Amino acid sequence: ERKQAEEARAWLAAIVENSNDAIFTRALDGTILSWNAGAERMLGYTSVEAIGKPISFTLPPGRQPNLARNNEKVLRGESVAPHESNRMTRDGRLIDVLTSHSPLKDKAGNIAGASVILQDITERKRAEDARAQLAAVVENATVAIFTRTLEGIITSWNAGAEKMLGYTAAEAIGRHDA
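Each chain carries its own residue numbering, running from 1 in the written order of its sequence. Per-residue local features are limited, in this predicted model, to residues with pLDDT of at least 70; the limit for side-chain atom pairs, both in listing and counting, is 80 or more; totals at the level of whole chains, interfaces and linings are taken over all residues. As a convention, hydrogens and water are excluded, and side-chain values are obtained from all of the structure's heavy atoms.

Notes on the side chain of Ser85
No. 1: Inspection of the secondary structure assignment puts Ser85 in strand 3 (residues 80-88).
No. 2: In this structure Ser85 touches Arg63, Ile95, Asp96, Val97 and Thr99, once residues within four positions along its chain are discounted. Starting at the N terminus, helices and strands are each numbered in turn, a helix being any DSSP run of H or I of at least four residues and a strand any DSSP run of E of at least two. Contact definition: two residues touch when any of their heavy atoms are within 4.5 Å.

Brief notes about the pattern of salt bridges
Any two side chains of opposite charge can pair, given that their charged atoms come close.
No. 1: By definition, a salt bridge exists where a carboxyl oxygen of Asp or Glu is found within 4 Å of a side-chain nitrogen of Lys or Arg. Taken as a whole, this structure holds 7 salt bridges when the rule is applied.
No. 2: When the shortest N-O distance is used, the salt bridge between Arg124 and Glu84 registers 2.6 Å. Of this pair, Arg124 sits in helix 5 (residues 122-140) while Glu84 is found in strand 3, placing the two residues 40 residues apart along the sequence.
No. 3: Under the relative-accessibility criterion, Arg124 is labelled partly exposed at 38%.
No. 4: Burial here depends on accessible area, computed with a 1.4 Å probe over protein chains only, as a share of the maximum for the residue type. Under 20% is buried, over 50% is exposed, and the range in between is partly exposed. Judged by relative accessible area, which is 42%, Glu84 ranks as partly exposed.
No. 5: Across the pair Arg93 and Asp91 runs a salt bridge, and its minimum N-O distance is 3.2 Å.
No. 6: On the accessibility criterion, Arg93 (44% relative accessible area) is partly exposed.
No. 7: One network of salt bridges, in which partners are shared, links Glu84, Arg124, Lys125 and Glu128.

So, the environment of Ile95
No. 1: Examined against the element boundaries, Ile95 turns out to sit in strand 4 (residues 94-105).
No. 2: Ile95 gets classed as buried once you look at its relative accessible area, which sits at 1%.
No. 3: For the pair Ile95 and Val16, spaced 79 residues apart in sequence, the C-alpha to C-alpha distance is 21 Å.
No. 4: Beyond its immediate stretch of four places on either side in the chain, Ile95 contacts Met42, Leu43, Ser85, Asn86, Arg87, Thr89, Asp120 and Thr122.

Some thoughts on the pairing of strand 4
No. 1: The criterion for strand pairing is that DSSP finds at least two bridges linking the strands in question. Two elements, strand 3 and strand 4, share 7 bridges in a ladder whose sense is antiparallel. By the bridge assignment, Arg87 is partnered in strand 4 with Ile95.
No. 2: The loop that links strand 3 with its antiparallel partner strand 4 comprises 5 residues; one of these, Gly92, has a positive phi angle of about 90 degrees.
No. 3: Here strand 4 runs beside strand 5 (residues 111-120); their pairing, made up of 9 bridges, is antiparallel.

Things to note about the pairing of strand 5
No. 1: Taken together, the 6 bridges between strand 1 (residues 22-27) and strand 5 define a ladder with antiparallel strand orientation. Bridge pairing links Ala22 to Leu118 in strand 5.
No. 2: From the end of strand 4 to the start of strand 5, which pair antiparallel, there are 5 residues, and Gly109 there has a positive phi angle of about 90 degrees.

Here's the deal with the nonpolar core
No. 1: By nonpolar core we mean a set of buried residues, namely Ala, Val, Leu, Ile, Met, Phe, Trp, Tyr and Cys, connected to one another through side-chain atoms within 4.5 Å. Grouped together as the largest cluster of nonpolar side chains are 16 residues, with contacts concentrated most on Phe24, Ile32, Trp35, Met42, Leu43, Ile55 and Leu118.
No. 2: Residues within four places of Ile32 in sequence aside, it is in contact with Phe24, Thr25, Arg26, Ala50, Ile51, Gly52, Lys53, Pro54, Ile55 and Phe57.
No. 3: By size, the runner-up hydrophobic cluster in this structure holds 5 residues, among which are Ile154, Trp157, Ala169 and Ala172.

Overview of the sheet that holds strand 5
No. 1: Read across the open sheet, the 5 strands follow the order 2-1-5-4-3; overall the sheet is antiparallel. Both edges of this open sheet fall to strand 2 (32-35) and strand 3, since each of them pairs with a single strand only. On average, each strand axis in the sheet is tilted by 30 degrees relative to the strand beside it, whichever way the strands run.
No. 2: Looking at chain direction, strand 1 and strand 2 are connected through 3 bridges and run antiparallel. Paired with Phe24 across the strands is Trp35, a residue of strand 2.
No. 3: The sheet strands contacting helix 5 are strand 3, strand 4 and strand 5, and the helix crosses strand 4 at an angle near 135 degrees. Throughout, an axis means a line fitted to C-alpha atoms (over the contacting stretch in the case of helices), and angles, computed between N-to-C directions, take values from 0 to 180 degrees.

A few points about the environment of Phe24
No. 1: Topologically, Phe24 is positioned in strand 1.
No. 2: Counting along the chain gives 123 residues from Phe24 to Thr147, while the straight-line C-alpha distance between them is 47 Å.
No. 3: Among residues more than four places away in sequence, those in contact with Phe24 are Ile32, Ser34, Trp35, Ile55, Ala114, Ser115, Val116 and Leu118.

Quick look at the structure:
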């Protein structure tokens, strides 16, 4: 049983170390205790540079109140659900991340710190912003723009189509365009 437990711990350690996500631990005072290779790649700091520093060194200005709220939850033994945030990389870039914090207990069952996982969502956020901009352009265009399935069923209808063709989106969408 001991050997199986050691093997399981080794597998978990390998998973953490080889994850693309930044995974690190922090003490209750916010001091970084461990820093995986994913954190090195994502944030640009080696483990030697990060361990021993306050977790706040990766936060952009103004994020300290969020850190305090997260720490309060961890102290109560609660996990902080994944939420969107930002981090500052070593080269000064601001990246969008999905972050979560989970309390870590010592052998006596007391909360001793937290694990933090950051997933880089910068590209996803850029794609969402680009889609939103394109949707705004289409919706506000003065020309008629609509989409339809291969079978000819209308699936979208902009304000320009309403003005030019005289049908509201509610009247047009779902109907055949023939």
